[in-house]
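Observations on the three-dimensional arrangement
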Amino acid sequence: IILRLAISPMRAARQLLERIQSHGIDARLEALKELAKLSADPSFATEFINMEGLATLARLVESGTQYDFGEMLAFTLTAFLELMDHGIISWDLISVSFIKQIAAYVNQPMVDVSILQRSLAILESMVLNSHSLYQRVAQETTVTQLITHLQVSNQEIQTYAIALINALFLKTPEDRRQHIIRVNRPVKAEMAHQLYVLQVLTFNLLEERMMTKMDPNDQTQRDIIFELRRIAFDGDSDPSGTEKRKAIYIKDYKMLGFTNPVNPAIDFTQTPPGMLALDNMLYLAKVHQDTYIRIVLENCSREDKHECPFGRSAIELTRMLCDILQVGELPNEGCNDFHPMFFTHERAWEEFFCVCIQLLNKTWKEMRATAEDFNKVMTVVREQITRALAMKPPSLEQLRVKLRSLSYSEVLRLRQSERMSQDDFQSPPIIDLRERIQPEILELIKQQRLSRLCEGSCFRKLGNRRRQEKFWFCRLSLNHKVLHYGDLDESPQVPVSDIKAVLTGKDCPHMKEKSALKQNKEVLELAFSILYDPDEALNFYCIWTDGVSALLGKELGSDLTRSDLDTLMSMEMKLRLLDLENIAIPEAPPPVPKEPSTYNFTYNYG
């Protein structure tokens with residue numbers, strides 16, 4: 001064993017400091033290069049800082065004029081950053097002129113890559129380690145200037161620039177941070193484009209994981225899948241016996257919804273989404289553990305045919321989100337389509353996934369889907385997400401609210417509404433067809449209401465509460481001439497010709513009584529009366545109002561009639577136009593040809 005003797009940190013620091021302050025350029029360059037290497041040593045760093053070496057480096061940077069060589073400045077900045085990272089002295093001691101000089105390197109359009117990289121790193125450390133320096137850095141450089149560094153091809157520069165932008169957003173007070181992104185006045189086109197570029201390039205950092213296949217033989221990666229199982233089923237203690245343990249693992253992985261429960265790693269070998277899907281699942285399981293466990297156990301308790309496979313869903317959802325947000329694609333010139341909510345959270349991508357996986361589980365339940373409906377569910381979820389993103393929610397919480405309102409039934413309603421509002425449905429021929437069909441549909445609704453009256457209904461008597469509650473029955477005669485009503489053992493009649501009026505809600509005589517006013521709001525809204533004599537009235541619920549109005553030849557004005565009319569009209573129009581799909585309908589009917597001059601071309605059958 002050879003004992004290597006070296007000079008002490010104190011002596012090394014003194015020698016390097018003397019060489020750095022020398023006038024020879026070559027000697028200074030070699031000294032700075034050696035300093036950049038030794039600065040990572042805590043003992044050396046302590047001695048060098050005690051000798052005011054850090055202040056010397058700061059003065060050299062502030063002077064600026066002595067640094068005609070980019071390599072020399074790069075070594076100086078590297079040594080400075082390494083020395084500061086030891087935490088021996090506070091960042092608050094940095095002078096304003098030093099900050100301005102470093103910011104100048106960042107703001108210059110043409111600067112050496114190594115200098116720019118280290119300057120970005122120094123500014124990021126300033127922002128993260130000192131509130132006062134954050135304010136200074138924010139004054140000297142802006143997010144707009146930093147975004148220009150994201151358009152270069154050097155990925156390291158992009159990474160350091162995004163890190164500094166994130167640090168600025170992180171330290172910005174919440175009210176100011178929201179003001180930057182959620183400003184009430186419209187964002188200018190250039191700023192919107194730069195934010196779009198930042199969004200695209202930030203998501204492009206996910207491309208490497210998205211295109212990385214999982215190695216089924218990599219134990220480290222397999223441990224992540226095992227962690228998903230442990231969190232879901234609290235499997236801290238493993239059963240004894242290899243075969244028994246393997247059988248339980250296969251069962252658990254099947255409950256987790258993996259396509260290959262024997263070896264779930266195979267599910268992550270397809271790219272995209274590759275390992276990015278596993279990253280998302282692990283984030284959900286660790287950060288939103290209650291949500292993760294609830295989703296898994298909720299599906300385990302459903303019938304086999306209605307369970308939503310979590311593993312398969314998470315992988316497919318990750319692929320879908322990558323496609324929607326165009327992960328891996330370059331920014332488009334002139335595009336301003338940025339989403340403010342992605343700038344309001346440090347882990348915006350992962351949080352976005354967590355919101356969407358809950359939406360998927362909710363939609364699956366609303367559709368009462370089975371395994372055969374998987375692709376159909378994913379299509380609906382994609383539509384829900386794209387519709388919500390189009391509303392530009394300012395935060396992830398607002399995204400949750402908008403997705404909550406976009407239920408499966410609401411999506412179906414929007415689809416139908418959009419189809420009906422298409423140009424074809426607003427053309428004169430279609431409008432004319434609707435006008436011709438509407439009387440037929442209204443007549444159909446009237447006949448349905450009258451049929452309901454003929455069937456009759458049982459009603460609860462309202463009045464003296466001291467008496468025992470009683471019910472009575474009412475129906476329309478088959479010839480639509482007489483209303484039969486009364487207790488089951490009575491059969492009084494009211495001729496239709498004797499009906500004077502129909503009253504609803506508070507106008508009903510029986511609802512004006514004090515006892516009736518205490519009824520709940522629903523009873524008040526549904527109540528109506530048929531006046532056939534000044535002293536007597538029949539009390540019914542509003543499901544009969546349309547039928548009585550039809551008997552009297554009056555317009556059917558209830559909400560139920562309007563809803564039925566819209567539904568039946570929509571169905572009838574679709575059936576009538578089924579054969580004309582993808583065929584352009586002319587605005588006007590074709591012209592009638594002129595009458596021929598002679599009819600000699602006709603054939604006489606006689």
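It should be emphasised that the depicted structure is a prediction, and the values quoted were computed from it without experimental measurement. (Residues numbered from 1 in each chain as written. Predicted model: local features only at pLDDT ≥ 70, side-chain atom pairs only at ≥ 80, totals over all residues. Heavy atoms only, no water.)

1. Considering the overall build of the protein
Each helix and strand counted, the protein has 27 helices and seven strands in total. Counting across all 606 residues of the protein, residues that qualify as buried make up 41%. Pairs at least 24 residues apart make up 66% of the contacts formed inside the protein by residues separated by at least 6 positions. Total accessible area computed for the protein in this model is approximately 34,600 Å², and 51% of it derives from carbon and sulfur atoms. (Helix = DSSP H or I, 4+ residues; strand = E, 2+ residues; numbered from the N terminus. Buried < 20%, exposed > 50% of the residue type's maximum accessible area, 1.4 Å probe, protein only. Contact = heavy atoms within 4.5 Å. Areas by Shrake-Rupley, 256 points an atom, 1.4 Å probe, with all protein chains shown as cover.)

2. Remarks on the pattern of salt bridges
Counted by the stated rule, this structure contains 21 salt bridges. Salt-bridge contacts for Glu 298 lead to Lys 365; the nearest nitrogen and oxygen are separated by 3.2 Å. Of the two residues, Glu 298 is situated in helix H17 (residues 289–300) and Lys 365 in helix H19 (residues 348–366); the sequence distance between them amounts to 67 residues. In this structure, Glu 351 and Arg 400 form a salt bridge, with 4.0 Å as the shortest nitrogen-oxygen distance. Here the residue Glu 351 occupies a position in helix H19, and Arg 400 occupies one in helix H21 (residues 396–405), the gap between them amounting to 49 residues. Judged by relative accessible area, Glu 351 falls into the buried class, the value being 6%. Counted as one network, the salt bridges with shared partners bring together Glu 351, Glu 397 and Arg 400. (Salt bridge = Lys/Arg side-chain N within 4 Å of Asp/Glu carboxyl O.)

3. Quick look at the environment of Asp 41
Its location among the elements puts Asp 41 in the loop between helix H2 (25–38) and helix H3 (42–50). Residue Asp 41 is classed as partly exposed on the basis of its relative accessible area of 35%. When the C-alpha atoms of Asp 41 and His 86 are compared, they prove to be 9.0 Å apart, with 45 residues separating the residues in sequence.

4. Some thoughts on the packing of aromatic side chains
In the structure shown here, the tally under the stated rule is 13 aromatic pairs. Residues Phe 80 and Trp 91 carry aromatic rings whose centres are separated by 6.3 Å and whose planes lie at 75° to one another, so their mutual orientation is edge-to-face. Note that Phe 80 is positioned in helix H5 (residues 70–85) and Trp 91 in the loop between H5 and helix H6 (96–107), a separation of 11 residues in sequence. Each member of the pair, Phe 80 as well as Trp 91, is classed as buried. For the ring pair Phe 338 and Phe 343, a centre distance of 6.3 Å and an interplane angle of 70° mean the geometry is edge-to-face. This pair shows no difference in class: Phe 338 is buried, exactly as Phe 343 is. (Phe/Tyr/Trp six-rings, centres within 6.5 Å; stacked < 30°, edge-to-face > 60°.)

5. Overview of the environment of Ile 94
With respect to the helices and strands, the residue Ile 94 is situated in the loop between H5 and H6. Ile 94 sits in the buried class, given a relative accessible area of 14%. Separated by 36 residues in the primary sequence, Ile 94 and Ala 58 place their C-alpha atoms 8.3 Å from one another. Ignoring sequence-local partners within four residues, the contact set of Ile 94 consists of Phe 80, Met 84, Ile 99, Met 126 and Leu 133.

6. Section: the side chain of Glu 350
Along the polypeptide, Glu 350 turns up in helix H19. Taking the relative accessible area as the measure of exposure, Glu 350 reaches 15% and is therefore buried. Side chain to side chain, Glu 350 and Arg 347 meet in a polar contact 3.2 Å long. Apart from the residues lying within four places of it in its own chain, the contact partners of Glu 350 are Asn 280 and Tyr 283. (Polar contact = N/O pair within 3.5 Å; in protein donor to acceptor, adjacent residues only side chain to side chain.)

7. Let's talk about the confidence of the model for the protein
In this model, the protein carries a mean pLDDT of 83, and residues with pLDDT of at least 70 account for 84%. A low-confidence stretch, residues 177–185 (pLDDT under 50), is modelled with 15 contacts involving residues beyond four sequence positions or located in other chains. Predicted confidence is poor over residues 534–539, with pLDDT under 50, and the contacts of this stretch with residues over four places away or in other chains come to 18 contacts. (pLDDT = per-residue confidence, 0-100.)

8. Considering the packing of H6 against helix H8 (residues 131–140)
At a closest axis distance of 10 Å, the pairing of H6 and H8 adopts a crossing angle of 40°. With respect to their mutual orientation, H6 and H8 come out oblique. Classified by chirality, the crossing of H8 by H6 is right-handed. In contact with Val 96, Ile 99, Lys 100, Ala 103 and Asn 107 of H6, H8 contributes Leu 133, Arg 136, Val 137 and Glu 140. Among the residues forming the contact of H6 with H8, the class breakdown is five nonpolar, one polar and three charged. (Axes fitted to C-alpha atoms, helices over the stretch in contact; angles between N-to-C directions. Parallel < 35°, antiparallel > 145°, perpendicular 65-115°, else oblique. Left-handed = near helix turned anticlockwise from the far one by under 90°. Nonpolar A, V, L, I, M, F, W, Y, C, P; charged D, E, K, R; others polar.)

9. Things to note about helix H14 (residues 219–233)
Taking 1.5 Å as the rise per residue, H14 with 15 residues should run 21 Å; its terminal C-alpha atoms sit 21 Å apart, in good agreement. Along H14, the positions that sit buried rather than exposed are Gln 221, Ile 225, Leu 228, Arg 229, Ile 231 and Ala 232. Structurally, H14 contributes buried residues whose contacts are with helix H15 (242–255), helix H16 (275–287) and H17. Two to three positions downstream of the cap, the backbone nitrogen of Thr 220 sits 2.9 Å from a side-chain oxygen, assigning the N-cap of H14 to Asp 218. Following H14 by one or two positions, Asp 234 adopts a phi angle in the positive range, close to 55°. (Expected span 1.5 Å × (residues − 1).)

10. Thoughts on unusual backbone geometry
With glycine set apart, most residues show a phi of negative sign, and most peptide bonds adopt trans. The linkage connecting Thr 271 with the following residue, Pro 272, adopts the cis geometry, with an omega of -15°. Structurally, Pro 272 can be placed in the loop between H15 and H16. Of note, the bond from Pro 272 into Pro 273 is cis; its omega dihedral lies within 30 degrees of zero at 15°. Following the sequence through the fold, Pro 273 ends up in the loop between H15 and H16. Unlike most non-glycine residues, Glu 52 shows phi in positive territory, near 65°. Of note, Glu 52 is situated in the loop between H3 and helix H4 (53–63). Phi is positive for Arg 368, close to 45°, though the residue is something other than glycine. Inspection of the secondary structure puts Arg 368 in the loop between H19 and helix H20 (374–390). Residue class for Arg 368 comes out exposed when judged on its relative accessible area of 60%.

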